[in-house]
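Residue-level listing of the chains:
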Amino acid sequence: MARKIFINLPVKDLNQSIEFFTKLGFSFNPQFTDETATCMIVSEDIFVMLLTYDKFKTFTPKAICDTTQSTEVLVCLSCDSRDEVDTMVRQAVDAGGKTYSDPQDHGFMYGHGFQDLDGHNWELMYMEPSAVG
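Scoring rules and cut-offs
Residues numbered from 1 in each chain as written. Predicted model: local features only at pLDDT ≥ 70, side-chain atom pairs only at ≥ 80, totals over all residues. Heavy atoms only, no water. Helix = DSSP H or I, 4+ residues; strand = E, 2+ residues; numbered from the N terminus. Rg over C-alpha atoms; globule rule 2.2 N^0.38 Å. Buried < 20%, exposed > 50% of the residue type's maximum accessible area, 1.4 Å probe, protein only. Contact = heavy atoms within 4.5 Å. Areas by Shrake-Rupley, 256 points an atom, 1.4 Å probe, with all protein chains shown as cover. Pairing = 2+ DSSP bridges. Axes fitted to C-alpha atoms, helices over the stretch in contact; angles between N-to-C directions. Salt bridge = Lys/Arg side-chain N within 4 Å of Asp/Glu carboxyl O. Arc of directions from axis to C-beta. Polar contact = N/O pair within 3.5 Å; in protein donor to acceptor, adjacent residues only side chain to side chain.

A. The arrangement of the overall build of the protein chain in detail. Each helix and strand in the protein chain was counted, giving four helices and eight strands. The N-to-C order of helical and strand elements in the protein chain reads β-α-β-β-β-α-β-α-β-β-β-α. Relative to the 2.2 N^0.38 estimate, which gives 14 Å for 133 residues, the radius of gyration of the protein chain is 15 Å and therefore close to what a compact globule would have. Expressed as lengths along the three principal axes of its C-alpha atoms, the size of the protein chain is roughly 45 × 40 × 25 Å. Looking at the protein chain residue by residue over its 133 residues, the buried ones come to 36%. The long-range fraction of contacts in the protein chain, counting pairs at least 24 apart against all pairs at least 6 apart in sequence, stands at 52%. Summed over its atoms, the accessible surface of the protein chain is roughly 8100 Å², and 52% of this surface lies on carbon and sulfur atoms.

Here is the structure:
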């Protein structure tokens, strides 16, 4: 069985976060969704648990990071093309997110990113298939 990854992120407004990520094309597993959390499906083996602050605090004794001052995590997702990278960044900005850097073009690899409504950093990258192997 393939190993799965569940990234847990605190969000200030769960409904707004669901709306934001829906606009980026993500769906959610209703089996793991209630008023305190939702399970965003990234792929067959990758999921992002969006948790209200109160729910998130039940999993850690540490303070929640102030994303206006610090970076808690940098989530990087691969894309199928440069156009998909640009499209998703544009969708994120249109949905209320913002960019925090210029696109990076390294020839064989292209990337850009955005911050979601809670300031979490999402990097998107496309790598030429010939560079991977």
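Still more ground to cover, so stick around.
B. Molecular detail of the sheet that holds strand E2 (residues 27-29). Strand order in the open sheet made by the four strands is E1-E4-E3-E2, with mixed pairing throughout. In this open sheet, the two strands that pair with only one neighbour each are strand E1 (5-11) and E2. Across the sheet, the axes of successive neighbouring strands diverge by a mean angle of 35 degrees, strand direction being ignored. Relative to strand E4 (residues 46-52), strand E3 (residues 37-41) runs antiparallel, the two sharing five bridges. Paired with Met40 across the two strands is Val48, which belongs to E4.

C. Spatial organisation of the sheet that holds strand E7 (residues 109-115). If you trace the four strands from one edge of the open sheet to the other, you get E5-E8-E7-E6, paired in mixed fashion. Lying at the two open borders of the sheet, with one neighbouring strand each, are strand E5 (74-78) and strand E6 (104-105). Of the strand pairs in this sheet, E7 and strand E8 (residues 121-127) are connected by seven bridges, and their pairing is antiparallel. When the sheet's bridge partners are listed, Phe114 is paired in E8 with Trp122.

D. Up close: the pattern of salt bridges. For the structure shown, the criterion picks out three salt bridges. Across the salt bridge formed by Lys4 and Asp45, the nearest N and O atoms sit 2.8 Å from each other. In this pair, Lys4 is assigned in the segment before E1 and Asp45 in the loop between E3 and E4, connecting sequence segments 41 residues apart. Looking at Asp45, the relative accessible area reads 22%, which means it is partly exposed. Between Lys23 and Glu19 there is a salt bridge, with its nearest N and O atoms 3.4 Å apart. Of this pair, Lys23 and Glu19 both sit in helix H1 (residues 14-23), separated by four residues, roughly a single helical turn. Accessibility expressed as a relative area gives 45% for Lys23, which makes it partly exposed. Classification of Glu19 by relative accessible area gives partly exposed; the value is 46%.

E. Region of the structure containing H1. Among all positions in H1, only Leu14, Ser17, Phe20 and Phe21 are buried. Along the axis of H1, the buried residues cluster in a sector spanning 120 degrees; they form a single face. Measuring from the backbone nitrogen of Asn15 back to the side-chain oxygen at the start of H1 gives 3.1 Å, which picks out Asp13 as the cap. Looking one or two residues beyond H1, the residue adopting positive phi is Gly25, at roughly 100 degrees.

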